[in-house]
Amino acid sequence: MTNIKRFITVMSAIGIMTSASIPAVAADELKIEHLGVNNTFVRVTGDNKYLMLPVQESNDDAKINVIVDGKIAETIYVRLAKSKTDYMVPFDLSPYKGKNVILDVVTPQGRSSVREAKEDACWKGMALVDPFEIPDTETKYRPLFHHTPLYGWMNDPNGMFYKDGVWNLYYQYNPYGSKWQNMTWAHSTSKDLVNWQHEPIAIRPDGLGSIFSGSSVIDHNNTAGFGDDAIVSLYTSAGTNQMQSLAYSRDNGKTFTTYPGNPILTLESEARDPNMFWNEDTKEWNLVLAHALDHEMLFFTSPDLKTWTLQSEFGKGIGAQGGVWECPDLFQLPVDGTNEKKWVLICNINPGGPFGGSAVQYFVGDWDGKTFKADTDANGKIPTKWLDHGKDNYALVSWSDAPDGRRTAIGWMSNWQYAADVPTTQFRSANTLPREIGLFKGDDGQIYASGVPSPELLAMRDKLVVNKSGVKLSGKPSIFALPAVNDGICEILLDLEAKENEKVSMTLSNKAGDKVDMTYSVKDHTLSFDRTKSGIVDFSENFPAVTVAPTFEQNGKVSLRIFIDRSSIELFGNDGKFSMTNLVFPNEPYSTLSVSSNGGKARITTLKIYSLKN
Ligand code: FRU
């Protein structure tokens, strides 16, 4: 399916039809009254479904109180256009059908008179429509098989759970623009982790604040009293301070009711992103909360998901400390090839990642239901470990209740250093490919986490366009064409063998002169990824970068699985022992893979390139 078709399908799936032209609506149903230099009333009457709001990204937020029958129904913040409109966002009027709605708009400062204020581009551009149409102007960088919002800003994945064959994914979302604001839990579902359906928004900001990250569980035994198998979600209410709140769903996560006793957990300092799970050994709920500014995690227990008791802390002075600790996760996994089981504590950190900005830090250790004890290295120190060695995998957390004991996880494919500046407009950010987390023992005796693409992704393979084996490598590159269809979207399977001091270079390039250089160094046991010349890189000084992963091998052999999806490259090596997720914005799709070696002894044992469909 082409991207544009998928886009329209998704719009229909949430009940929004596209139309060739926006139908005209009686002008008297939309009245704009300027009350002062920075205050305007937008009155809406009639049965219209959407009010389109013109946005200018570089402008500051206007504060809009939505007044319905004289009461403030909600408050939203929108970068209303001043001198030009970058794009439009819809404000959904359907909850207020048949009522008098006033948008009480307070625009940012910078206007000297009402006459000047009237000139703002937003007033002329506002329109009542039903249905609304958002042009998919961004086929160039909108991925084919990664989850993205239809429009607007997305950051962390939230509250994921699997039930009755459906993977539920919530996410931090701004419905009113492509920059961070108005944090809401938006919702998507998938039956195969490849095709995502957009669902109505799940949890909206309320009087306690906006809705920050959190987690969901299925309450199989009705411990909370919301019903058997109710979905119970905890999230951070971000008001003046951060506190934890609960919402539950009795319709498998489609709609949520916020708990009247919210907030359920308050502390004297900033803590967020509650992540909970049922502990079968201790028969109670466990919760990890990020004590963000203190760079530690807090652990709580509960019998009923509503009352939580603090048990311990972990993290002060341990591991990477260069930024806030956020978005925790805690789960147990078997260690590959042993009878051992270990606990993994995910502590996302921002900034302070190995290549600057955001990254997924983790610790391996033991958890007794109350305290986390991290494994130490040969020197008795707790080592810092990274789940991904790229720049664009953050806030990674896992699904609860995934089938067959799977620990399926997904991250936000961006970095707080430049997420708001990447060269897309109508939408910002995709999620990473879903991946299965495992554990393995490294040669140093340490236990590390691995990540392989979820098995469902195999179904995306379309045509085998390159199939080679035994290719001897030299200084003169061997060149292979990437699929000519679908913007070169593909999966590359590349097995290499090289000797002592060899460096094998793998370059993705296009005719526009953009290139990504990946280099395997046998001596250093590393794979590096250079995106400094990958295409558009100048939107942030932090974007051009070289990222480096340990290859976890001693024998000069690496086996790579690489996914290219328009604006991202994800690389999984040696059965997921290392992975790298990096964004790229090529001026045109990469069209060739060139492989060479400086030593003349290396060879490609096998190379397969598949075009992909979804
Ligand atoms: C991580 C984070 C979380 C917070 C959310 C707000 O990216 O800062 O800690 O809940 O984003 O959108």
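Residues numbered from 1 in each chain as written. Predicted model: local features only at pLDDT ≥ 70, side-chain atom pairs only at ≥ 80, totals over all residues. Heavy atoms only, no water.

**Quick word on the overall build of the protein chain**
Working step 1: Scanning the protein chain from terminus to terminus reveals 3 helices and 42 strands.
Working step 2: For the protein chain, the C-alpha radius of gyration of 25 Å lies close to 25 Å, the compact-globule estimate for 614 residues.
Working step 3: Dimensions of the protein chain, computed from C-alpha atoms along their principal axes, come out at roughly 75 × 60 × 45 Å.
Working step 4: In the protein chain, 63% of the contacts between residues at least 6 apart in sequence involve partners at least 24 apart.
Working step 5: Split by element, the accessible area of the protein chain, about 23600 Å² in all, is 49% carbon and sulfur.
Working step 6: Taking the average location of the 60 positive side-chain charges in the protein chain and that of its 73 negative ones, the two points are 5 Å from each other. (Helix = DSSP H or I, 4+ residues; strand = E, 2+ residues; numbered from the N terminus. Rg over C-alpha atoms; globule rule 2.2 N^0.38 Å. Contact = heavy atoms within 4.5 Å. Areas by Shrake-Rupley, 256 points an atom, 1.4 Å probe, with all protein chains shown as cover. Lys, Arg positive; Asp, Glu negative; His and termini not counted. Charge placed at Lys NZ, Arg CZ, Asp CG, Glu CD.)

**Concerning the environment of Phe161**
Working step 1: If you trace the backbone, Phe161 turns up in strand β9 (residues 152-163).
Working step 2: When its relative accessible area of 0% is taken as the criterion, Phe161 is described as buried.
Working step 3: With 123 residues separating them in the primary sequence, Phe161 and Asn38 have C-alpha atoms 44 Å apart.
Working step 4: Discounting chain neighbours no more than four positions away, the residues touching Phe161 are Val166, Trp167, Asn168, Tyr170, Ser216, Ile218, Ile231, Asn252, Gly253, Trp399 and Ser400. (Buried < 20%, exposed > 50% of the residue type's maximum accessible area, 1.4 Å probe, protein only.)

**What to know about the site of the ligand**
Working step 1: Near the ligand there are 13 residues, and of these Asp156, Gln172, Arg272, Asp273 and Glu326 occur at the shortest range.
Working step 2: A distance of 3.1 Å is found between an oxygen atom of the ligand and a backbone nitrogen or oxygen belonging to Ser213.
Working step 3: Trp416 is positioned such that a nitrogen or oxygen atom in its side chain is 2.9 Å from an oxygen atom of the ligand.
Working step 4: Its free accessible area being 320 Å², the ligand has 95% of it covered by the protein chains.
Working step 5: Broken down by secondary-structure element, the contributors of at least two residues to the shell around the ligand are β9, β13 (210-219), β17 (272-279) and β21 (324-334). (Near = heavy atom within 4 Å. Polar contact = N/O pair within 3.5 Å; in protein donor to acceptor, adjacent residues only side chain to side chain.)

**Examining the pairing of strand β35 (residues 515-521)**
Working step 1: With 5 of 7 residues buried, β35 is to be regarded as a mostly interior element.
Working step 2: Relative to β35, strand β34 (residues 503-509) runs antiparallel, the two being bridged by 7 bridges. Counted as the bridge partner of Ser509 is Lys515 from β35.
Working step 3: In sequence, β34 turns back onto β35 through a hairpin of 5 residues, with Gly513 there showing a positive phi of about 90°. (Pairing = 2+ DSSP bridges.)

**Regarding the sheet that holds strand β5 (residues 71-78)**
Working step 1: Reading across from one edge, β1-β2-β7-β4-β5 is the order of the 5 strands in this open sheet, with antiparallel pairing throughout. Single-partner strands in this sheet number two, and they are β1 (30-36) and β5. Sheet twist, expressed as the mean angle between neighbouring strand axes with direction ignored, is 20°.
Working step 2: Across 6 bridges, β1 lies against strand β2 (residues 39-44) in antiparallel orientation. Residue pairing in the sheet places Glu33 in a bridge with Phe41 of β2. (Axes fitted to C-alpha atoms, helices over the stretch in contact; angles between N-to-C directions.)

**A short note on the sheet that holds β35**
Either a parallel or an antiparallel arrangement is found when strands of a sheet pair, and the pairing is made through backbone hydrogen bonds.
Working step 1: Pairing within the open sheet is antiparallel, and its 6 strands lie in the order β32-β41-β34-β35-β36-β37. At either margin of the open sheet sits one strand with a lone partner, and together these are β32 (478-481) and β37 (546-550). Averaged over all pairs of adjacent strands, the angle between strand axes in this sheet comes to 15°, irrespective of strand direction.
Working step 2: In the sheet, β34 pairs with strand β41 (residues 592-597) via 6 bridges, with the strands oriented antiparallel. Within β41, the position partnered with Val504 by the bridge is Ser597.

**Describing the environment of Tyr418**
Working step 1: Looking at where Tyr418 falls in the secondary structure, it is placed in the loop between β27 (408-412) and β28 (427-428).
Working step 2: By relative accessible area, Tyr418 is classed as buried at 1%.
Working step 3: Residues Tyr418 and Gly357 lie 61 residues apart in sequence; the distance between their C-alpha atoms is 9.0 Å.
Working step 4: Those residues in contact with Tyr418 that sit more than four places away from it in its chain are Lys391, Asp392, Arg531, Phe539, Ser540, Asn542, Phe543 and Leu583.

**With respect to unusual backbone geometry**
Most peptide bonds take the trans form, and the phi angle of most residues other than glycine is negative.
Working step 1: For the bond running from Asp130 to Pro131, omega is 5°, close enough to zero to count as cis.
Working step 2: If you trace the backbone, Pro131 turns up in the loop between β8 (127-129) and β9.
Working step 3: Residue Pro263 is bonded to the preceding Asn262 through a cis peptide linkage, with omega at -5°.
Working step 4: Relative to the helices and strands, Pro263 resides in the loop between β16 (257-258) and β17.
Working step 5: Even without glycine at this site, Asn182 takes up a positive phi of about 55°.
Working step 6: Note that Asn182 resides in the loop between β10 (166-174) and β11 (184-190).
Working step 7: The backbone phi angle of Cys327 is positive, close to 40°, even though this residue is not glycine.
Working step 8: Topologically, Cys327 is positioned in strand β21.

**Side note on the pairing of strand β3 (residues 50-55)**
Working step 1: Burial within β3 is extensive, with 6 of its 6 residues counted as buried.
Working step 2: Here β3 shows two buried faces, one formed by Tyr50, Met52 and Pro54 and the other by Leu51, Leu53 and Val55.
Working step 3: Relative to strand β6 (residues 87-92), β3 is paired through 6 bridges, and the arrangement is antiparallel. Following the sheet pairing, Leu51 is matched in β6 by Phe91.
Working step 4: Inspection of the sheet shows β3 paired to β8 by 3 bridges, in the antiparallel sense. Bridging across to β8, Tyr50 finds its partner in Val129.

**Examining the side chain of Glu138**
Working step 1: Among the structural elements, Glu138 can be located in the loop between β8 and β9.
Working step 2: Despite its burial, Glu138 pairs with no opposite charge, the nearest such side chain being Arg142 at 5.4 Å.
Working step 3: For Glu138, the side chain forms a polar contact with the main-chain nitrogen of Thr425, separated by 2.4 Å.
Working step 4: A distance of 2.7 Å separates a polar atom in the side chain of Glu138 from the backbone nitrogen of Gln426.
Working step 5: Setting aside residues no more than four positions away along its own chain, Glu138 makes contact with Thr424, Thr425, Gln426 and Phe427. (Salt bridge = Lys/Arg side-chain N within 4 Å of Asp/Glu carboxyl O.)

**Some thoughts on the nonpolar core**
Working step 1: Counting residues in each nonpolar core, the largest one holds 36 residues, and the members touching the most others are Ile492, Met506, Leu508 and Leu593.
Working step 2: With 28 residues, the next largest nonpolar core counts Val44, Leu51, Ile64 and Phe91 among its residues. (Core = buried A, V, L, I, M, F, W, Y, C linked by side-chain atoms within 4.5 Å.)

**Some words on the pattern of salt bridges**
Working step 1: Following the criterion strictly, the structure yields 26 salt bridges and no others.
Working step 2: Its salt-bridge partner being Arg435, residue Glu570 comes within 2.7 Å of it at the nearest N-O pair. Of this pair, Glu570 sits in strand β39 (residues 568-573) while Arg435 sits in strand β29 (residues 435-441); the two residues are 135 residues apart in sequence, bridging distant segments of the chain. No difference in accessibility class separates Glu570 from Arg435, as the two residues are buried.
Working step 3: Between Arg603 and Glu497 there is a salt bridge, with the nearest N and O atoms lying 3.8 Å from each other. You can see Arg603 sitting in strand β42 (residues 603-612) and its partner Glu497 sitting in strand β33 (residues 490-497), a full 106 residues away along the chain.
Working step 4: For Glu497, a relative accessible area of 23% gives the class partly exposed.
Working step 5: Among the ionic contacts, a cluster of salt bridges with common partners joins Glu270, Arg272 and Glu326.

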